[in-house]
Amino acid sequence: MSALRQTLESDANALSDLICNSFVTLASADWSSAATQKLIADSSPEAILTALKGSHFSIVALYNNHIVGMVLFSKPNVMKMLFVSPNMTRKGIGRLLWESARELIEKSEPAVTTIELNSTTFAVPFYRSIGFVPVSTKFEIEGAVMTRMACWLRAKDYDAEIYKSDNKRRQSDAHART
């Protein structure tokens, strides 16, 4: 089981390692080499520290006192980053980070109704599983390939079809694995 806590400035080195390792291992396949190198440079400990200082909030997931996941919101309605260590994927850490962030936003920012993000191709299925839907087709900026996605926070309150069908699919997938 993972524990969550607010991100500390002293986490910058570990977060830099997590982001670079996770991105290169899992999500960089359709990015150009130059775009990948830019993301790595933009994820230096110094850059992460700057991002943390300017963020709305950030949370880390810990397993055996090691950071294995993180989520960072640059604004109340913009998720800038969500990364999980490659050896810890499919263990519920990403979902735990999202649900904790969502709960925090719903309590502290009641005017926020939609969360937006840019997803890598690799992460689109994960974001769909937690209630996000594509609001653009895949696009490329300077070799970085992304899809804009959004999550209407009230969807689960109204049993909206995307939320309902994703929940049914997750339940079916869980049943199939047992």
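None of these values were measured; they are calculated from a predicted model.

A few words on the pairing of strand β5 (residues 114-119). A one-sided burial pattern is seen for β5, the buried positions being I115, L117 and S119 and the unburied ones T114, E116 and N118. Direction of pairing for β5 relative to strand β8 (residues 144-152): antiparallel, over a ladder of 6 bridges. In the sheet register, L117 faces β8, and the bridge partner there is M149.

Attention now goes to the side chain of S55. Position of S55 relative to the elements: it lies in the loop between α3 (45-54) and β2 (57-63). A relative accessible area of 17% means that S55 is categorised as buried. Reaching out from S55, the side chain makes a polar contact with the backbone oxygen of L52 at a distance of 2.9 Å. Ignoring sequence-local partners within four residues, the contact set of S55 consists of L72, F73 and S74.

Residue placement: K80 occurs in strand β4 (residues 78-84). Through-space distance from the C-alpha of K80 to that of E116 is 8.7 Å; in sequence the pair is 36 residues apart. Setting aside residues up to four positions removed in sequence, K80 forms contacts with L72, F73 and S74.

We now examine the nonpolar core. With 26 residues, the main nonpolar core has V71, F73, M79, W98, I115, Y127 and F132 as its most contacted residues. Those elements that provide at least two residues to this core are β2, β3 (66-75), β4, α4 (93-108), β5, α5 (124-129) and β8. Here this core gets 5 residues from one element, more than from any other, and that element is α4. Discounting chain neighbours no more than four positions away, the residues touching M79 are V71, L72, F73, W98, I115, E116, L117, Y127 and F132. Of all hydrophobic cores here, the second largest spans 22 residues; its members include A35, L39, L52 and A144.

Basis of the calculations
Residues numbered from 1 in each chain as written. Predicted model: local features only at pLDDT ≥ 70, side-chain atom pairs only at ≥ 80, totals over all residues. Heavy atoms only, no water. Buried < 20%, exposed > 50% of the residue type's maximum accessible area, 1.4 Å probe, protein only. Helix = DSSP H or I, 4+ residues; strand = E, 2+ residues; numbered from the N terminus. Pairing = 2+ DSSP bridges. Polar contact = N/O pair within 3.5 Å; in protein donor to acceptor, adjacent residues only side chain to side chain. Contact = heavy atoms within 4.5 Å. Core = buried A, V, L, I, M, F, W, Y, C linked by side-chain atoms within 4.5 Å.

Any link to function would need more than the numbers given here.
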